[in-house]
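Chains, contacts and geometry: an overview
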Amino acid sequence: MNRYLILFFLLLNSWMTVDSAHAQTKTGKPNFIVIFTDDQGYGDLGCYGHPTIRTPNLDRMAAEGQRWTNFYVAANVCTPSRAALLTGRLPVRTGMCSDTRRVLFPDSDGGLPQSENTIARILKKQGYRTAAIGKWHLGHLPAYLPTSHGFDSYYGIPYSNDMDRVNSVEAREALMNPKVEYFQVPLMRDTSVIERPADQTTIVKRYTQEALEFIARNKQKSGATQPFFLYLAHSLPHVPLFASSKFKGTSERGLYGDVIEEIDWSTGQILDALRKTGLDKNTYVIFTSDNGPWVIFDENGGSAGPLFGSKGTSYEGGVRVPAIIWGPGRVKPAVISEMGSTLDLLPTISALAGATLPTDRVYDGYSLIPVLDGTSKSPRNEMLYYHGTRLFAARKGAFKCYFYRNNPQGYPEKMEKLDTYTLFNLQHDPSERFDIAAKYPEKIREIDEMVRQHRASLVVAPSNLEKRIVSQKK
Ligand code: MG
């Protein structure tokens, strides 16, 4: 009798193991939410040291997750930076940069090519539901919109919030003292314009509502979850600034602070929704910015904190951004001073979702999984700082070598090639105040060699940012 009982329990046990393995494959893929702000500086969050902007939700997210202090975007302006995040490739490889038209405009006749693979496309093949909410800026014509690049749905503005400006108001006045009607930017759902001009005073609130509805739709009543990827690219705090009535005039930092605090509220809403539904145990949330602050707009622009430079430059302040990675039980809480990049998100997310990267192209990122789970150091030890198609600077370890210089405010855009390279130790001197080129010639040689190797295999794609719609050509 005992023998039969043992056999019964053995069979029951093996059946339960199979069943739980099955349940794991059915529901075990993690969800991903990337929250990407526009022109937010390194120093514009409480947890990155801002003295007056209050960001309790992002501060808590940072305390529960990882706050990265050497995290980079691949370009210092919107379009190429976004292309790099979604494709995991340097914009020179995808044709998503230019030395004459640095971003896409409403008269642009191009965008992210169909031949490029996005995070959304990779995840769709793994059974994910995908949504893009917010600013796109990778082409506003149908072939280039999110729904043509692996996203099931799209809700947002197709390019920057300062575009389609009316001619009746002088540019700087319109940007510094904005009204909704000054910017005839369309709000789109999938491929249709649903509002024009987009009411930017309520846009953060509406993006948030859309995000919450998307999360709720994928959390099924049975408790099983359809795995999802949400790309929430806020169109603010890019100038012109707008805040909803609940936030306007409430921050100690003026209108810019109101905007950041509204984005903090929005992030809190999303994290709370994950916590309440138990999705927090199976969701990675990444919060970062597309480039540094637009300081030519005085108080309406943000702050790079201790970093030198701003949007439109490849000094640290233009490309080093706040980056918080959160996933309770999956991401080991820490402050990470090793290097990471938005280029690394595609390989990291793909690996976490169980996808193998196609081998038909070069990717410029690394999987950051060993850092997220606290088992090893970051595999990234170098950064290439492109400005359009030109390599402005390169970093290896702590040392960053400059080949060009430009105005640290980013505008006017003139660049000058350096006869003598400059060198900075970024871990000792994050504000890049002390040129140590004369003291460390071997570091310059090492960086030169790294650049030589990179260039030897680089195929530069023709730019997709320079073609204009013929009828709008001036
Ligand atoms: Mg930007």
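Residues numbered from 1 in each chain as written. Predicted model: local features only at pLDDT ≥ 70, side-chain atom pairs only at ≥ 80, totals over all residues. Heavy atoms only, no water.

1. As for helix α7 (residues 203-218)
We apply this condition: Numbering goes from the N terminus for both helices and strands, where a helix is a DSSP run of H or I of at least four residues and a strand is a run of E of at least two. One fewer than the residue count of a helix, multiplied by 1.5 Å, yields its expected span. Only protein chains enter the calculation, and the probe is 1.4 Å; a residue is then buried if its accessible area is under 20% of its type maximum, exposed if over 50%, and partly exposed in between. Residue contacts follow a heavy-atom distance rule, with two residues in contact if any of their heavy atoms lie within 4.5 Å.
Taking 1.5 Å per residue, 16 residues should reach 22 Å; α7 reaches 23 Å between its end C-alpha atoms and fits that length. If you check which residues of α7 are buried, you get Ile 203, Val 204, Tyr 207, Thr 208, Glu 210, Ala 211, Leu 212, Phe 214, Ile 215 and Asn 218. Contact partners of the buried residues in α7: β1 (31-37), β3 (129-134), β4 (153-156), β5 (187-189), β7 (228-233) and α8 (254-277).

2. Notes on the coordination of the magnesium ion
For clarity, the cut-off: Note: metal donors comprise N, O and S atoms at 2.8 Å or less from the metal (3.2 Å for Na, K and Ca); water molecules are not included, so apparent gaps in a site are possible. Just to be clear on the cut-offs, tetrahedral is four donors with all angles between 85 and 135 degrees, square planar is four donors and octahedral six with opposite donors over 155 degrees apart and all others between 65 and 115, and anything else goes down as irregular.
Surrounding the magnesium ion are the protein donor atoms Asp 38 (OD), Asp 39 (OD), Cys 78 (SG), Asp 290 (OD), Asp 290 (OD) and Asn 291 (OD1), which sit 2.1 to 2.6 Å from the metal. Here the magnesium ion is ringed by six donor atoms whose angles at the metal span 54 to 161°, and the overall shape comes out irregular. Read from N- to C-terminus, the donor residues coordinating the magnesium ion fall into the pattern D-D-x38-C-x211-D-N. Here the residue Asp 38 occupies a position in the loop between β1 and α2 (56-64), and Asp 290 occupies one in the loop between β8 (283-289) and α9 (316-319), the gap between them amounting to 252 residues. Take Asp 38: its relative accessible area is 0%, and that puts it in the buried class.

3. Topic: the sheet that holds strand β6 (residues 192-195)
Where we set the bar: Following DSSP output, two strands are said to pair if at least two bridges run between them. Here the axes come from fitting lines to C-alpha atoms, over the contacting stretch only for helices, and the angles between their N-to-C directions go from 0 to 180 degrees.
The sheet built from 10 strands is open, its strands ordered β6-β5-β4-β3-β7-β1-β8-β9-β2-β10 with mixed pairing. In the strand order of this sheet, the two ends are held by β6 and β10 (334-341), each with one partner. Between one strand axis and the next, the sheet turns through 20° on average, direction left out of account. When β5 meets β6, the two strands line up antiparallel, connected through three bridges. Residue pairing in the sheet places Met 188 in a bridge with Val 193 of β6. Together, β2 (66-72), β8 and β9 (323-326) form the strand contacts of α2, whose direction differs from that of β9 by roughly 60°. Those strands touched by helix α3 (residues 78-87) are β1 and β7, and its axis lies near 170° from that of β1.

4. Things to note about the domain arrangement of the chain
For clarity, the cut-off: Where each domain starts and ends comes from a domain assignment, either automatic or drawn from a database. Here the buried area means the combined drop in accessible surface, using a 1.4 Å probe, for two parts upon being joined, counting both sides. Salt bridges are counted wherever a side-chain nitrogen of Lys or Arg sits within 4 Å of a carboxyl oxygen of Asp or Glu.
Looking at the assigned domains, one finds that the chain contains domain 1 (29-381) and domain 2 (385-456). When each unit is reduced to the centre of its C-alpha atoms, the spacing between domain 1 and domain 2 is 27 Å. Taken residue by residue, the interface counts 32 residues in domain 1 and 26 residues in domain 2. Between domain 1 and domain 2, roughly 2400 Å² of surface is buried when both sides are summed, and carbon and sulfur atoms account for 51% of that area. It is Asp 99, Ser 314 and Tyr 315 in domain 1 that bury the most area against domain 2; as a group they hold 24% of the surface buried on that side. Here domain 1 is connected to domain 2 by one salt bridge.

5. A short note on the environment of Ser 148
With respect to the secondary-structure elements, Ser 148 resides in the loop between β3 and β4. For the pair Ser 148 and Gln 114, spaced 34 residues apart in the sequence, the C-alpha separation amounts to 7.7 Å. The residues touching Ser 148, leaving out its near neighbours within four places in the chain, are Gln 114, Arg 121, Pro 142 and Ala 143.

6. Looking at the pairing of β9
The two faces of β9 match: Ala 323 and Ile 325 on one face and Ile 324 and Trp 326 on the other face are all buried. Direction of pairing for β8 relative to β9: antiparallel, over a ladder of four bridges. Along β9, the bridge assignment pairs Ile 286 with Ile 325.

7. Quick look at the packing of α2 against α8
When two helices pack together, their arrangement is given by the angle between their axes and by how far apart the axes lie. What counts, and what does not: With respect to orientation, any angle under 35 degrees is reported as roughly parallel, any angle over 145 as roughly antiparallel, any angle of 65 to 115 as roughly perpendicular, and every other angle as oblique. Any residue outside Ala, Val, Leu, Ile, Met, Phe, Trp, Tyr, Cys, Pro, Asp, Glu, Lys and Arg is labelled polar, Gly included; the first ten of those are nonpolar and the last four are charged.
The N-to-C vectors of α2 and α8 enclose an angle of 50°; their axes lie 7 Å apart at closest approach. Judged by the inter-axis angle, α2 sits oblique to α8. On α8, the residues touching Pro 56, Asn 57, Leu 58, Arg 60, Met 61 and Glu 64 of α2 are Asp 264, Trp 265, Thr 267, Gly 268, Leu 271 and Arg 275. Along the lines of polarity and charge, the residues of the contact of α2 with α8 split into five nonpolar, three polar and four charged.

8. What about the sheet that holds strand β11 (residues 382-387)?
In space, the four strands of this open sheet follow the order β11-β12-β13-β14, with antiparallel pairing throughout. Two strands in the sheet have a free side with no partner beyond their single neighbour: β11 and β14 (415-425). Direction aside, the axes of adjacent strands within the sheet are offset by 20° on average. Note that strand β12 (residues 390-396) and strand β13 (residues 399-406) share four bridges and pair antiparallel. By the bridge assignment, Ala 394 is partnered in β13 with Cys 401. Of the strands in this sheet, β11, β12, β13 and β14 are in contact with helix α12 (residues 441-456), which crosses β12 at around 125°.

9. Section: the packing of α7 against α8
At a minimum axis separation of 10 Å, α7 and α8 run at an interaxial angle of 10°. Relative to α8, α7 is oriented roughly parallel. Together, Val 204, Lys 205, Thr 208, Ala 211, Leu 212 and Ile 215 of α7 and Glu 262, Ile 263, Trp 265, Ser 266, Gln 269, Ile 270, Ala 273 and Leu 274 of α8 make up the contact between the two elements. Classifying every residue of the contact of α7 with α8 by side-chain character gives nine nonpolar, three polar and two charged.

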